[in-house]
Structure formats: structure tokens, C-alpha cells
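# Structural features, examined
Okay, here's what each chain looks like letter by letter:
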Amino acid sequence: MDRTGYANPGDAELTCKAAGDNVELVKDRLQKMMPECGFGELGTCCVMCYMGPCRIDPFGQGPRTGVCGATPDVIVARNFLRSATGGASSHAGHARELAILLLDIAEGRAPGYKIREEGKLLSLAGKLGVQVDGRPVDAVAADVARKAFEDFGRQDGEPMNWIRARASRIEYEKWEKLGLIVSNPHNEIETAMHRTSMGNDADPLNLWVATLRMGMVDNFAGLMLATDLSDVIFGIPTPKVVTANYSVLKEGEVNIACHGHNPILASKVAEWADRLEGEAKAAGAGRVNVVGICCIGNELVMRYGIPYAGHEAQTELFLVTGAIDAMVVDIQCIMPSLPAIAKCYKTRFITTVPFVRHPEAIHVDFRPEVADEKAQEIVRHAIAAYKERKAAGIRPRIPDVSSKLLTGISVESLVSVLSAVDAKDPLKPVIDAIASGDILGAVGMVGCPNPKLRDGAMSEKMAEGLLRNNVLVVTTGCVNHILAQGGFLTSEATEKYAGPRLKKVLTAIGHAAGLGAPLPPVLHMGSCVDNSRIYDLLAALAGKLGVEISQLPVAGSAPEFITEKAISIGSFFLAAGILVHLAPAPRVFGSPFAVSLLTEKLPGLNGGKVLVAATPEGAVSGILAHIREKRQALGLP
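Read on for a plain summary of the structure.

Cut-off values and rules
- Residue indices begin from 1 for each chain and proceed along its sequence in written order.
- In keeping with the predicted nature of the model, local features appear solely for residues at pLDDT of at least 70, side-chain atom pairs appear and are counted solely at 80 or more, and the whole-chain, interface and lining totals rest on all residues.
- Side-chain descriptors were evaluated using all non-hydrogen atoms of the structure, hydrogens and water having been removed beforehand.
- Only runs of H or I of at least four residues qualify as helices and only runs of E of at least two qualify as strands under DSSP, and these elements are numbered from the N terminus.
- Radius of gyration here is computed from C-alpha atoms only, and the compact-globule reference equals 2.2 Å multiplied by the residue count raised to the power 0.38.
- Relative accessibility under 20% of the residue-type maximum defines a buried residue, over 50% an exposed one, and the middle range a partly exposed one, all with a 1.4 Å probe and only protein chains included.
- The contact criterion used is simple: two residues touch if any of their non-hydrogen atoms lie within 4.5 Å.
- Expected helix span is given by 1.5 Å per residue-to-residue step, counting one fewer step than there are residues.
- It is the directions from the helix axis to the C-beta atoms that the arc portrays.
- Inter-axis angles, ranging from 0 to 180 degrees, are taken between N-to-C directions of lines fitted to C-alpha atoms, where helices are fitted over the stretch in contact.
- An angle below 35 degrees is read as roughly parallel, one above 145 as roughly antiparallel, one from 65 to 115 as roughly perpendicular, and any other as oblique.
- Put simply, a crossing is left-handed when the front helix is turned counterclockwise from the back one by less than a right angle, and right-handed when it is turned clockwise.
- Side-chain classes follow a simple rule in which Ala, Val, Leu, Ile, Met, Phe, Trp, Tyr, Cys and Pro form the nonpolar group, Asp, Glu, Lys and Arg form the charged group, and the remainder, Gly included, forms the polar group.
- Note on terminology: a nonpolar core comprises buried Ala, Val, Leu, Ile, Met, Phe, Trp, Tyr and Cys residues joined through side-chain atoms within 4.5 Å.

### A word on the overall build of the chain
Scanning the chain from terminus to terminus reveals 27 helices and 16 strands. Its C-alpha atoms give the chain a radius of gyration of 24 Å, near enough to 26 Å, the size a compact globule of 637 residues would have. Seen through its C-alpha atoms, the chain measures out along the principal axes to roughly 65 × 65 × 50 Å. Burial analysis of the chain (637 residues in total) assigns 61% to the buried set. In the chain, once contacts between residues fewer than 6 apart in sequence are set aside, the share between residues at least 24 apart is 77%.

### Observations concerning unusual backbone geometry
Between Met34 and the following residue, Pro35, the backbone shows a cis peptide bond with an omega angle of -5°. Looking at where Pro35 falls in the secondary structure, it is placed in the loop between α2 (26-33) and α3 (38-42). Geometrically, the link from Gly52 to Pro53 is a cis peptide bond, its omega value of 10° lying close to zero. If you trace the backbone, Pro53 turns up in the loop between β1 (45-46) and β2 (54-55). With a phi angle near 65°, Cys333 is a residue other than glycine that sits in the positive phi range. One can find Cys333 in the loop between β7 (326-329) and α15 (338-344). A residue is classified by how much of its surface remains accessible, and Cys333, at 21% relative accessible area, is partly exposed.

### Digging into helix α23 (residues 500-512)
Between the first and last C-alpha of α23 there are 18 Å, a value that for 13 residues agrees with the 18 Å anticipated at 1.5 Å per step. Regarding α23, the residues found buried are Leu502, Val505, Leu506, Ile509 and Gly510. The buried residues of α23 occupy an angular sector of 125° when the element is viewed end-on, so they sit on one face. Opposite the buried face of α23, at more than 90 degrees from it, the exposed residues are Pro500 and Lys504. Buried residues along α23 sit against α17 (411-419), α18 (428-436), α20 (458-468), β12 (471-477) and α22 (491-497).

### Some details on the environment of Cys54
Tracing the backbone shows Cys54 in strand β2. Expressed as a C-alpha distance, the spacing of Cys54 and Leu453, which sit 399 residues apart in the sequence, is 29 Å. When near neighbours in sequence (up to four residues on either side) are disregarded, Cys54 contacts Thr44, Cys45, Cys46, Gly66 and Val67.

### Overview of the packing of helix α4 (residues 72-106) against helix α6 (residues 137-153)
To describe two helices that pack against each other, one gives the angle between their axes and the distance between the axes. Packing of α4 against α6 brings their axes to within 8 Å, and their N-to-C directions diverge by 150°. Taken together, the axis directions place α4 and α6 in an arrangement best described as roughly antiparallel. Between α4 and α6 lies a crossing of left-handed hand. When α4 is examined against α6, the residues Ala92, Arg96, Ala99, Ile100, Leu102, Leu103 and Ala106 are found in contact with a partner set consisting of Asp138, Ala141, Ala142, Val144, Ala145, Arg146, Ala148, Phe149 and Phe152. The residue makeup of the contact of α4 with α6, split by class, is 13 nonpolar, no polar and three charged.

### Quick look at the nonpolar core
Nonpolar side chains in soluble globular proteins tend to end up buried together. Formed by 183 residues in total, the largest nonpolar core has its most connected members in Val144, Trp162, Trp175, Met216 and Phe220. Other than its neighbours up to four places away in sequence, Trp175 contacts Ala167, Leu180, Ile181, Met216, Phe220, Tyr535, Phe572, Ala575 and Ala576. Core analysis: the second largest hydrophobic core is formed by 34 residues, Leu249, Met327, Ile331 and Val356 among them.

Structural data, given as C-alpha cells:
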């Protein structure tokens, strides 16, 4: 094992405890899986019909096609499109739940929720063509929700409302020429599943264009719609300093870990945790302590400053502490192993969504119309479990490791910070720094903690390498937990890691904004759906320069990706003409067509390109070369 200077000592401590408790962890199961299937890694395993499964080795002497005659190029393209579709459907489902909630709030069916950001609602309504003058806020909100439903139900082939309203004009026209403007996300998802079933689309290029269109679905019907409506309902994130890591658990308190993605549930649990403090005290606890794991940790910390526990790969270890009384989950990234581990420590594992259940979990049917009632039920489960844990004599073991982070960097809050430098033109200091080379470029690091790469500290080493070369890093998703635990989201990190020119810029901005210290070199922009904030920021910068996003000296990276959601997010960034670094390798290397398209032909078409590098050094080197190439093309030093 490559123990680096970034290794979290809490992980090591709890891994040893798990072994002593005879608890199997994700890393144990990964080891048993080795060596992993080579056909699967190449993307040339096909299970679309029952003449197979077929396995094609494009470099060996075995079959050259599947039983149906599908070539490796077709099989890889179909498999990749299905992965992107899985990711986009996850994000679109997340967004649609928020649209339903917004209409329920507007029409009085969700009394536990309210509209917190009228300004953003009215701005969004204006962009969508909803009349706002003289109308009650609830009426405007209802029409905004109906605009979302119109997108999900449209059959006339016209562009999605959210694309027309939120894409920059220059990007919209480029996508229109490339045939990437989509009309109805559900139609795109249905067509993708249809065309990839046996006996349909066998044109690799046609399938890859569909993948880019699925990226558009992901960004506009999933990420952007979700972020816009979350901001309207739960508030726009604002900067705040928060504690992270295992020490956020408290031994003498009822600990509730919220895990998942959508703030509809977790915001209510957090609210009722405070309101039921008296019942917790009656049970002998100090209070009810809510912490956030995975992307719901990002949602909670960005808006409410709720303690920021850990990433998806640490979920099992948080249970192993024996300090969590209830782990409550909603959607996505919830490992099926968790309920069995929870039982070992008398933790109540609670599912809340009808299509995310487990036979060993307690299920609470959480719905917005009864949110307060169900949130109380969940908190009371935790209080009861606390008493059981104490009675059973289970002694928690909470590693004494903590870190701080500056969170809450929405585009709106970043503009507010930059206004302290130039009130009339807030983006000008950033534009000037990019033009001079003080900021060489920017990289959006997104996604997950993959146990295949975690021990090598892939994300931390990449961030360090980029910062030392004066590249600003913005982050979304679980990589935020990784970098927060590594100390990258603080002013001190600017002193420790940033190159001298980047440090000069961040120091000037931080002091002008009244922080009394530099702005951190890694900016926490939220959960995985908040990748749309990165798009908004890039579109604003590109607009100021009068260029396309694809011309900017920027890149995206999913340095330890796990899920299909990362595939769909990356597909959008490719559609936007951005370099996308991926590790581990995407399952495309069985297709010479795919490799050529993603590394050679697409860059000449719209600027999008895939970089595969499994080492931080290789990734940093490739990204820096790309950034310098873009700078040269713009005539920048």
C-alpha cells in the first residue's frame, strides 16, 4: 500500500477496528475481485441479448464480432451511451423531484417548505419567459415549475425551455449546428435505451453523437434544473468556515448521518434534530448532532454549515465508529453493504425513497406533504437507537482527526467576493489575472473517491501539482471531502500549495474581501449537481472575453470517478468543448473508433477531448499542456 502524506489517519484506525470486529469493507471486496474482467475494462462485453453474453478481444485471436455481428466499435459505443443514460436519468430524476416540490409549495401542498430566494426565482422566471410583474410569488413559482414539467412532457421537438433560457447564445448556436440541442429529457433517455437494444443502431458515430446529446440532458434537465430550484427553495450558498472529518461525530450526542443527494429530506432532518433536542436530553444525550456524508454533505454544508463528515468510500468506516445512531439515506451512491454493517453497531439504517430500499433497512415513507411528521419519526428512531447503544455498552471509537474548510462558493457568492475588488466589473480581476498568466488556467475537479486509486492520493496529488503551476481549482462532489480532509480548502493552503503568481492573486482578493487572509486555492462549489455552477462561471468568463468556452484555458477532471453520473457529466463537458481527464480509464479502449474520436477527431470538431491518465503526474502534465495550448491560441503569455 502506498501510504502518502495525505493518508487520513482516521481511515487507518477504523480499518483496523473493522478487521477486529470482523467487518468486511469495500477494499476487502475489491481485493477479492482482482484481477478484474479484462473484457469489461475494454468495454467489449455485451449482454444486450440472450444469444450472448459475448466477449470480444480486439487484440487477440478470438471472435471479432458478437453473435449478432456487432463489432467492438458498436459494442463499446452502445455500452458507453447506456452508462451516460444511467447518469443522466439519475440527475434528471433528482431535478424533477425538486420541480414537483416547487409546485407543491406554490399550491400549498408542502407546508413544511417555503421559497427562500425570491430574487433567484424572479430572475429565473424572467429568463424562462414567465410574467413576474404584479404577480404573487407563489403564482410565479408555480409557472416556473410548469416550465420544467413542459420540458419533461414536450413532444413537439422544440428545444428545452431550460436550454433556451440558460445557455449562452454563442454556445447555443454551436450546439444547434452540431445537432446537440435536445427537446425532452425523457424522450432522449427512452430513445437511447431503444437504440442500444438488440437489432437497432449499429453506427458507432451515431451512437457517440447520442452520448453527447445525453450530456446535454444531464446538464440542462438534471444538474442545472436541480441547482436552480434547490437555490430557490433552500437558499443560495454563502461562504462559511466549517469543520470536517471524523471528529464531527460526538460521543455524548445522538449522531445522525445523512447520506445521499437531495436536500428535500436532509434539510428537514436537520431542522427537527434541533427541535427535538429536549427529547435527546431526556434520553441522556447532549443533543442531536446531524452530519453530512457524500453529496448531501455538500448540500448541507454549503447552505447551513452542518458538519461535513466524509466521502462515499468512508461511509462504511463512519458506521464502524459505533457512534452513529441513525444513517438516513435518500438516493444514489448508497452501497448495499451498509445495512449489515449498521446492524453490528445497533445503528438504525433508514431508507426513505420507494425505489431505494433494502431488506435489512427500516423504511420511512418520506414525502414532502408529510415532511415534518416523517422527519420527527426519523429523529426519534435515532434517539431510541442512542438509548439502545448505551444499554448494549457499545463504546464508540471516534478518530481524533479534524480539518477546516471554506465552503459556500456559489457563482453569486463568488461575484460578491470579487465585487470587493472591482464593484463595477466583478469578473475583471479574474479576467486580468488569466490574461497576464497570474492564473494560468482553471480545472474543475469533480466526482468520487475510487478505492482503486484512493491509497495513492490521486486527487490530492493532482490538486497540489496544478496549484503549484498557478492553476486555480474548483470542485464539486465527493472530491470536496477528500480535499477538505487534505487541508486544501483553507487560506493556509494558498500559502502552502499555490504557485507564487496564483498566491498573489488569491491574497489580494482575500484581503480585499475582508477575509484577512488569502482566498483558498480550491473553491468548493457544491455537490455533483452543482457542476452547472462551473458551467455558469465558464460561460460568464467566456462571454466577457467574447469567445467560446472551448477556447478558454480550462479543463475538467474526474480523478477517481466511480459512477455513471460521472460519465454523463463528462459527456456534457465534451459537448461544451472542454478537455475531460478521467481516471480510472473509461471502458472504451476495445474500440479503435472510440479512441480516435475522443482523442483526435472531436477536438477538431468542437474542442472536446478525453485525457486518460491514471497517475497524478501524468494527469497534471497533460492538463498543463492543454492549458498552455489554449493560451497560445488566444495570444496569451
